[in-house]
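# Breakdown of the fold
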Amino acid sequence: MQFSKNILITGGAGFIGSHVIRLFVNKYSSYRIVNFDKLTYAGNLENLKDVENASNYVFEKGDICSSDDVQRVFEKYKITDVIHLAAESHVDRSIEGPMDFVMTNVVGTVNLLQAAKSTWKDSNHVFHHVSTDEVFGSLGQEGLFEETTSYDPRSPYSASKASSDHFVRAFFHTYGLPVKMSNCSNNYGSHHFPEKLIPLVINNIVNKKPLPIYGKGDNIRDWLWVEDHARAIDVIFHNGEIGESYNVGGLNEWTNIDLVRHLCKILDQKLNRESGENEQLITFVKDRAGHDARYAIDASKLEKELGWKPSIQFEQGLEKTVDWYLENTEWVDKVTSGAYQTYYENMYK
Ligand code: NAD
Ligand code: TYD
């Protein structure tokens, strides 16, 4: 079959990538979607069971740091566009070992940019780079991150993502590569690896394990439903301006402690436990080194120019997320066996 676009989606077996793949495979039957993923601890093809047999979907195992792997997939599928999500994504792991973040997030991104630059002969393509609001640093009590906010990354993770953003812009300005960029706030939803706050807390409540809160729990994050992020990537990829970046966020700020208390309440009810029982699991632990105080996104450019807005209230999305984890214990058991146990013991010893 002749496809109108051959889109390489990197990191498609991860949390956000799997939602983006699902949306594109189901919505655009004329596009061939090539999922290119190394399947690190965070990548899991189980996340894509429902689309794996679709005629417009194919999986290719590969490493974005290998120019041979990248070149091979560009040639094999005559790649016309890239949506780049592959990354090392967990701040705590970046504190323990920054080098993997430099390799995948910086070197891997430049490798992909090089392949696109050498393959594409006109501007009729899109290289969409998916990034984070963490590149802007840490906010005080007031203000929101705008697209024009200066970069001020503070963790090894955000420094590596900031560097990758700079390279994407450099390829636009220097070589005219047709790039688009998005910087999104914290996502939540199904298939989220339980090293991140929300799925970790849900899993620990279910197993009656301590709920580790870093510092006082007063750090603030702006949470967005992962499917709303996937919809934002869809509109930016199709309708965003070349060379522009777009902030994506939900105007939905929560302190960590309020969020965890809310999860405790939802799960008191769903697990038929006494009211307040789960809150007793809350345990304040040593703060994360360099812990950013507050993230909050101004997404008005995306809303005004491209007509995107979040589709779901946080409380409703959180309940759907909890239901997914309660209904998918096999998935949770699989991803939390083996290497996860070692990670967890080292991290929370
Ligand atoms: P994730 O850790 O769940 O998934 C990352 C995926 O990338 C995995 O499937 C992994 O196997 C793959 N991968 C890692 N290294 C690779 C390599 N060298 N070559 C090929 N594949 C590789 O991450 P996520 O939370 O889904 O985040 C996806 C993207 O979105 C990242 O770029 C991240 O920086 C960005 N982002 C995440 C959030 C969030 O809240 N999770 C928010 C904003 C932006
Ligand atoms: P996380 O989900 O790791 O995302 P990010 O660091 O990219 O924002 O963490 C969200 C917030 O929750 C962050 O302020 C750190 C905090 N946190 C805890 O208090 N305890 C935990 O066990 C984890 C994983 C995170």
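This text goes with the structure placed above it.
Residues numbered from 1 in each chain as written. Chains lettered and ligands numbered in written order. Predicted model: local features only at pLDDT ≥ 70, side-chain atom pairs only at ≥ 80, totals over all residues. Heavy atoms only, no water.

## Some thoughts on helix H6 (residues 197-206)
- Most of H6 is tucked away: 8 of the 10 residues are buried.
- Taken together, the buried positions of H6 are Ile198, Pro199, Leu200, Val201, Ile202, Asn203, Asn204 and Ile205.
- Note on H6: the residue one or two positions beyond its end, Lys208, has a positive phi of about 55 degrees. (Buried < 20%, exposed > 50% of the residue type's maximum accessible area, 1.4 Å probe, protein only. Helix = DSSP H or I, 4+ residues; strand = E, 2+ residues; numbered from the N terminus.)

## Points about the sheet that holds strand S9 (residues 220-225)
- On the basis of which strands lie adjacent, the open sheet formed by 3 strands has the order S7-S9-S11 and mixed pairing. A single partner strand is all that each edge strand has here, and the edge strands are strand S7 (186-188) and strand S11 (253-255). The mean inter-strand angle of the sheet, taken between neighbouring strand axes irrespective of direction, is 50 degrees.
- With 3 bridges joining them, S7 and S9 adopt parallel strand pairing. Within S9, the position partnered with Asn186 by the bridge is Trp223.
- Packed on one face of the sheet, helix H8 (residues 256-270) meets S9 and S11 and runs near 85 degrees to S11. (Pairing = 2+ DSSP bridges. Axes fitted to C-alpha atoms, helices over the stretch in contact; angles between N-to-C directions. Contact = heavy atoms within 4.5 Å.)

## Topic: the sheet that holds strand S4 (residues 81-84)
- Strand order across the open sheet formed by 7 strands is S3-S2-S1-S4-S5-S6-S10, with parallel pairing between neighbours. Only two strands of the sheet have a single neighbouring strand rather than two, namely strand S3 (57-61) and strand S10 (245-248). Strand-to-strand twist of the sheet, defined as the mean angle between neighbouring strand axes without regard to direction, takes the value 20 degrees.
- The pairing of strand S6 (residues 179-184) with S10 spans 4 bridges and is classified as parallel.

## Section: the pairing of strand S8 (residues 211-214)
- Alternating residues of S8 divide into Leu211 and Ile213 and Pro212 and Tyr214, and every residue in both groups is buried.
- Examined bridge by bridge, S8 and strand S12 (residues 282-285) share 4 bridges and lie parallel to one another. Paired with Leu211 across the strands is Ile282, a residue of S12.

## A short note on the site of ligand 2
- Around ligand 2, a shell composed of 17 residues is seen, among which Glu134, Arg221, Arg288, His291 and Tyr348 lie nearest.
- In the model, an oxygen atom of ligand 2 is placed 2.6 Å from a nitrogen or oxygen of the Glu134 side chain.
- A distance of 2.5 Å is found between an oxygen atom of ligand 2 and a side-chain nitrogen or oxygen belonging to Arg288.
- If ligand 2 stood free it would expose 510 Å²; the protein chains cover 97% of that surface.
- Of all the elements, S8 adds the most residues to the shell around ligand 2, at 3 residues.
- The class makeup of the residues in the shell around ligand 2 is 7 nonpolar, 5 polar and 5 charged. (Near = heavy atom within 4 Å. Polar contact = N/O pair within 3.5 Å; in protein donor to acceptor, adjacent residues only side chain to side chain. Areas by Shrake-Rupley, 256 points an atom, 1.4 Å probe, with all protein chains shown as cover. Nonpolar A, V, L, I, M, F, W, Y, C, P; charged D, E, K, R; others polar.)

## Some words on the site of ligand 1
- By nearness alone, 28 residues border ligand 1, and Ile16, Asp37, Ser89, Tyr157 and Lys161 come closest of all.
- Within the backbone of Ile16, one N or O atom sits 2.7 Å away from an oxygen atom of ligand 1.
- At 3.0 Å from an oxygen atom of ligand 1 is found a main-chain nitrogen or oxygen belonging to Thr40.
- Here ligand 1, which alone exposes 840 Å², has 97% of that area covered by the protein.

## Here's the deal with the pattern of salt bridges
- Counted under the stated rule, the structure contains 18 salt bridges.
- When the shortest N-O distance is used, the salt bridge between Lys334 and Glu46 registers 3.3 Å. Linking Lys334 in helix H11 (residues 329-335) with Glu46 in the loop between strand S2 (31-37) and S3, this pair joins segments that are 288 residues apart in sequence.
- Residue Lys334 is classed as partly exposed on the basis of its relative accessible area, which comes to 48%.
- Here Glu46 falls in the partly exposed class, since its relative accessible area comes to 34%.
- Two residues, Glu195 and Arg93, come together in a salt bridge whose shortest N-O distance is 2.6 Å. Of this pair, Glu195 sits in the loop between S7 and H6 while Arg93 is found in helix H3 (residues 91-96), placing the two residues 102 residues apart along the sequence.
- The exposure class assigned to Arg93 is partly exposed, which follows from its relative accessible area of 21%.
- One continuous salt-bridge network, built from bridges that share partners, spans Glu60, Arg72 and Lys76. (Salt bridge = Lys/Arg side-chain N within 4 Å of Asp/Glu carboxyl O.)

## Notes on unusual backbone geometry
- Positive phi, normally seen in glycine, also occurs at Lys208, with a value near 55 degrees.
- For Lys208, the position within the fold is in the loop between H6 and S8.
- Positive phi, close to 45 degrees, is recorded for Leu251, a residue that is not glycine.
- With respect to the helices and strands, Leu251 occurs in the loop between S10 and S11.

## Re the environment of Val51
- Looking at the secondary structure, you find Val51 in the loop between S2 and S3.
- When its relative accessible area of 2% is taken as the criterion, Val51 is described as buried.
- Val51 sits 33 residues away from Ser18 along the chain, and the two C-alpha atoms are 9.8 Å apart.
- Ignoring sequence-local partners within four residues, the contact set of Val51 consists of Ile21, Arg22, Val25, Asn26 and Tyr57.

## Re the packing of H6 against helix H10 (residues 314-327)
- Direction vectors running N to C along H6 and H10 enclose 55 degrees, while the axes themselves pass 11 Å from each other. If you check the angle between H6 and H10, you find them oblique. H6 and H10 meet at a crossing whose hand is right-handed. Residue-level inspection shows Ile198, Pro199, Ile202 and Val206 of H6 in contact with H10, the latter providing Phe314, Leu318, Thr321, Val322, Tyr325 and Leu326.
- Residue composition of the contact of H6 with H10, grouped by class: 9 nonpolar, 1 polar and no charged. (Parallel < 35°, antiparallel > 145°, perpendicular 65-115°, else oblique. Left-handed = near helix turned anticlockwise from the far one by under 90°.)

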